[in-house]
Amino acid sequence: MSSLPKQLRDESDFDQLPHDIPISATIADIEEKKGFIDYYRFVIEVRTRGGSKYLIYRRYSQFFNLHSDLELKHSPGDQGTSGPNTCRLPTLPGKVFIGNKKEIAENRIPELNTYMKRLLGLPTWVLLDDDIRMFFYQTESDSQHQPRALRRLRPPTRRVKTVKTNQTDVFSSPRAEVVFDFSGSGRLELSMKAGEVIFLLRRVNTDWLEGTVSNRTGIFPESFVKIIKPLPESDSDGENGGASGKGAGSYSCLRCYLLTPQGVDTRDVCVEEDISTQPSYKELLARMRDVFKVDGNIALNYRDPEGDLVRLLDDGDVALMVADGRGQRSKVKRPVNQFPWELHVTAASDLSVYNTEI
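Remember, predicted model here, so these are calculated numbers, not experimental data. (Residues numbered from 1 in each chain as written. Predicted model: local features only at pLDDT ≥ 70, side-chain atom pairs only at ≥ 80, totals over all residues. Heavy atoms only, no water.)

K.L.:
For this particular structure, what's the right way to read the sheet that holds strand 10 (residues 263–271)?
P.N.:
Sheet strands pair by backbone hydrogen bonding; their relative direction is either parallel or antiparallel. On the basis of which strands lie adjacent, the open sheet formed by five strands has the order 10-9-13-11-12 and mixed pairing. A single partner strand is all that each edge strand has here, and the edge strands are strand 10 and strand 12 (309–312). In this sheet, adjacent strand axes meet at a mean angle of 35° when their direction is disregarded. Its contacts with the sheet put helix 7 (residues 281–292) on strand 9 (252–260), strand 10, strand 11 (298–303), strand 12 and strand 13 (343–347), and the angle it makes with strand 10 is roughly 115°. (Pairing = 2+ DSSP bridges. Helix = DSSP H or I, 4+ residues; strand = E, 2+ residues; numbered from the N terminus. Axes fitted to C-alpha atoms, helices over the stretch in contact; angles between N-to-C directions. Contact = heavy atoms within 4.5 Å.)

Okay, here's the thing in structure tokens:
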């Protein structure tokens, strides 16, 4: 152990802490994230000993992982014996498996605020723990994210009278008529009925657009509509970075195939995730069940650089698939906002499709 943590432990000298050490954290809001699975994350304002403050974005699972790591390192042993590196950790609210995700997140805010307050109130040597410092560290992704209105940081204001402005001329807006019914496979996708007029917002990539109808907004395949008035060039640059740029409202698309004896069903699944994201095996399995509306047992597969279909069984296999996809990225031309790997979905018991060519 270095001399600095020991000196801090002995003297409890707060003034010796580095200026970038977090000393307080408060949840400012919750934010829905529509990724491979939909979840809520907490927007947290962090203050450091040096006086700076910034926002970070964390899921409950990250709180849980942090607490588990701290228990291994700092909790007393089975016999309750204390040592030089042990302390009594605050209680983390437990996991909730059933219920409305938004309500669960809202109800957790007071408990998580208390948890962070007590965690950052532990002896100063604990604050130097690498796990704590990394949890409260503002990552590049945190710094680039544009927060929405932060409810718990807004000062109280008086209600102001709303001034109505003239509505935009709908006939001058980019729009399209729905030719075929489209049923969205996720909360990001816009379900449409033939004959409806969709007002276009922007292009996601070469095949997908984002639009709005009847107070609903989402993305949809361009092949299901007839363009009446196209988007201006500045909003149609999905291939050149417009749709894949960082910030709110950006999408990445995953090409996936359902392989059956009757043929191949191809889908593009769009999520609010960066193409560098590595989802878990469980997230991918749940999303594919929803996309293809499959009730039975399914298996996830990918094609390796040799062209063989390889079955995924756990997170380690997913990591290998992602690594292979990134390695092949320079050889296979794809849109900039499309994941460099693809999924092939089969029945869990069906091995005959392994020779199917796509």
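Don't stop here, the text continues.
K.L.:
Is there a simple way to explain the state of the cysteines in this structure?
P.N.:
Among covalent bonds in proteins, the disulfide is the one between the sulfur atoms of two cysteines. Following the criterion strictly, the structure yields one disulfide and no others. The disulfide partner of Cys253 is Cys270, and the S-S distance across this bridge is 2.4 Å. On the S-S bond that ties Cys253 to Cys270, the torsion sits near 85°, and the link is right-handed. Pair noted here: Cys253 is in strand 9 and Cys270 is in strand 10, with a separation of 17 residues, a long-range link. When sorted by exposure, Cys253 lands in the same class as Cys270, which is buried. Residue Cys256 stays outside any disulfide, its sulfur separated by 9.9 Å from that of Cys270, the closest cysteine. Note on Cys256: relative accessible area 0%, which makes it buried. (Disulfide = S-S within 2.5 Å. Buried < 20%, exposed > 50% of the residue type's maximum accessible area, 1.4 Å probe, protein only.)

K.L.:
I would appreciate a short explanation of the side chain of Thr48 in the present structure.
P.N.:
If you trace the backbone, Thr48 turns up in strand 2 (residues 38–48). If sequence neighbours within four positions are ignored, Thr48 has contacts with His19, Asp20, Ile21, Pro22, Ile23 and Tyr54.

K.L.:
In this structure, what is going on with helix 2 (residues 60–74)? I would like to understand it.
P.N.:
For an α-helix, 3.6 residues make a turn, and residues three or four places apart therefore share a direction. Between its first and last C-alpha atoms helix 2 spans 21 Å; for 15 residues at 1.5 Å apiece the expected length is 21 Å, and the two agree. Looking at helix 2, one finds that the buried residues are Tyr60, Phe63, Leu66, His67, Leu70 and His74. All buried residues of helix 2 fall inside an arc of 120° around its axis, so they share one side. Packing partners of the buried residues in helix 2 comprise strand 2, strand 3 (53–58), helix 3 (101–119), helix 4 (124–127) and helix 5 (130–135). (Expected span 1.5 Å × (residues − 1). Arc of directions from axis to C-beta.)

K.L.:
What's the story with unusual backbone geometry in this structure? I'm lost.
P.N.:
One can expect most non-glycine residues to show negative phi and most peptide bonds to be in trans. Positive phi values are uncommon outside glycine, yet Ser214 reaches one of about 50°. Position of Ser214 relative to the elements: it lies in the loop between strand 6 (208–213) and strand 7 (216–221). Positive phi, normally seen in glycine, also occurs at Asn215, with a value near 65°. Topologically, Asn215 is positioned in the loop between strand 6 and strand 7. By relative accessible area, which is 82% here, Asn215 ends up exposed.

Function cannot be read off these values alone, since they describe shape.
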